[in-house]
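Chain residues, written in single-letter form:
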Amino acid sequence: MKNIRPFQHHHPDIDPSAYIDEAAVVIGEVSIAADASVWPMTVIRGDVHHIHIGAQSNIQDNSVLHVTHRSDHNPDGGPLIIGQGVTVGHGAILHACRIDDYCLIGMGATVLDDAHMEHHSMLGAGSLLSPGKVIRSGELWLGNPARMVRRLSTAEMESLDYSARHYVKLKDLYKGPTG
């Protein structure tokens, strides 16, 4: 498929149960785990470092996922690691950061290099998580630059699990009975 292609000697590794829309682009050193979904117009470019997308995570329309190259200033570079059950809203940008399990990144939000979202946390729509910032488990951050505004309720944290399950069902509908 032209929308899923190698870069140099790195080939995307995509679980057969994952859904990659034909209008999305996946390039290079990218691994996408079981039941994950990548929606139209998303670009996932693992050309200068690796990207991992965990099981049951969904990367919604028009998102951009990229990494930081290795250099004299940053010998290790920066991969992009996304855990299990993560919801990445429409138009989000994730760059060389770490997102733990069952997080939500709101529509149009940006997460920059070395930032870290711990499990069951949220970054609101349009927010900018600055380099190196950490959102602790159970926190909601908003704004540009993003700041912690409050703790998530039990219902909100449960909704993060629901969102992942919903997108698994939706990708199954798109894949149809033949996968």
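Details of the structure are given in the entry above.
Just so it is clear, the model here is predicted, and its values are computed rather than measured.

Enquirer: Mind showing me how you'd approach the sheet that holds strand S19 (residues 139-143) here?
Expert: Strands belonging to one sheet form pairs held by backbone hydrogen bonds; the direction of such a pair is parallel or antiparallel. With respect to topology, eight strands assemble into an open sheet ordered S3-S5-S7-S10-S13-S16-S19-S20, the strand pairing being mixed. Of all the strands in the sheet, the pair left with one neighbour each is strand S3 (19-20) and strand S20 (146-151). Examined bridge by bridge, strand S16 (residues 122-123) and S19 share two bridges and lie parallel to one another. Note on S19: the bridge partner recorded for Met-122 is Leu-140.

Enquirer: Can you help me understand the packing of aromatic side chains in this one?
Expert: Aromatic ring pairs are described here by two measures, namely the spacing of the ring centres and the angle between the planes. In this structure the tally under the stated criterion is four aromatic pairs. Aromatic side chains Tyr-19 and Tyr-174 sit 5.5 Å apart centroid to centroid with 50 degrees between the ring planes, which places their arrangement in the tilted category. Taken together, the residues span a long stretch of sequence, with Tyr-19 in strand S3 and Tyr-174 in helix H1 (residues 154-175) at a distance of 155 residues. Given the relative accessible area of 11%, Tyr-19 is considered buried. Pairing Trp-39 with Tyr-174 gives two aromatic rings, centres 4.8 Å apart and planes at 85 degrees, and the pair type is edge-to-face. Of the two residues, Trp-39 sits in the loop between strand S5 (37-38) and strand S6 (43-53) while Tyr-174 sits in helix H1, which places them 135 residues apart along the sequence. Classification of Trp-39 as buried rests on a relative accessible area of 4%.

Enquirer: Any chance you could explain the state of the cysteines here in plain terms?
Expert: The term disulfide refers to a covalent linkage connecting the sulfur atoms of a pair of cysteines. Inspection of every chain in the model, using the stated rule, returns zero disulfides. Of all cysteine sulfurs, the one in Cys-103 lies closest to Cys-97, which takes part in no disulfide; the gap is 10 Å.

Enquirer: Would you mind showing me how to read H1 here?
Expert: Residues spaced three or four apart along an α-helix point in a common direction, a consequence of the helix completing one turn every 3.6 residues. Between the first and last C-alpha of H1 there are 32 Å, a value that for 22 residues agrees with the 32 Å anticipated at 1.5 Å per step. Residues Leu-160, Ser-163, Ala-164, Tyr-167, Val-168, Lys-171 and Lys-175 constitute the buried set of H1. Two residues or fewer after H1 comes Gly-176, characterised by a positive phi angle close to 70 degrees.

Enquirer: Mind showing me how you'd approach the pairing of S19 here?
Expert: Looking along a regular strand, one sees the side chains alternate between the two faces of the sheet. Sheet topology note: the S19/S20 ladder contains five bridges and is antiparallel. Residue pairing across strands places Glu-139 opposite Arg-151, the latter belonging to S20. The hairpin turn running from S19 into S20, its antiparallel successor, is two residues long.

Enquirer: Looking at this structure, how should I read the pattern of salt bridges?
Expert: Side chains that differ in sign of charge can pair as their charged atoms come close. As enumerated under the stated definition, the model contains six salt bridges in all. For Lys-171, the salt bridge is made with Asp-35, and the minimal N-O distance between the two is 2.8 Å. Of this pair, Lys-171 sits in helix H1 while Asp-35 sits in the loop between strand S4 (25-32) and S5, placing them 136 residues apart in sequence. What emerges from the salt-bridge pattern is a single network uniting Asp-35, Lys-171 and Asp-172.

Enquirer: I keep staring at the nonpolar core and nothing clicks. Help me out?
Expert: Here is a general trend for soluble globular proteins: nonpolar side chains tend to be buried in one another's company. Residues Leu-94, Ile-99, Ile-105, Val-111 and Leu-123 are the most contacted members of the largest nonpolar core, which totals 33 residues. Going through the elements one at a time, S4, S6 and strand S9 (80-82) are the ones with two or more residues in this core. For Leu-94, the residues in contact, after removing those within four places along its chain, are Val-64, Leu-65, His-66, Leu-80, Ile-82, Val-88, Ile-99, Ile-105 and Val-111. Ranked by size, the runner-up nonpolar core spans six residues in total, among them Tyr-102, Met-122, Leu-160 and Ala-164.

Cut-offs applied
- Residues numbered from 1 in each chain as written.
- Predicted model: local features only at pLDDT ≥ 70, side-chain atom pairs only at ≥ 80, totals over all residues.
- Heavy atoms only, no water.
- Pairing = 2+ DSSP bridges.
- Helix = DSSP H or I, 4+ residues; strand = E, 2+ residues; numbered from the N terminus.
- Phe/Tyr/Trp six-rings, centres within 6.5 Å; stacked < 30°, edge-to-face > 60°.
- Buried < 20%, exposed > 50% of the residue type's maximum accessible area, 1.4 Å probe, protein only.
- Disulfide = S-S within 2.5 Å.
- Expected span 1.5 Å × (residues − 1).
- Salt bridge = Lys/Arg side-chain N within 4 Å of Asp/Glu carboxyl O.
- Core = buried A, V, L, I, M, F, W, Y, C linked by side-chain atoms within 4.5 Å.
- Contact = heavy atoms within 4.5 Å.

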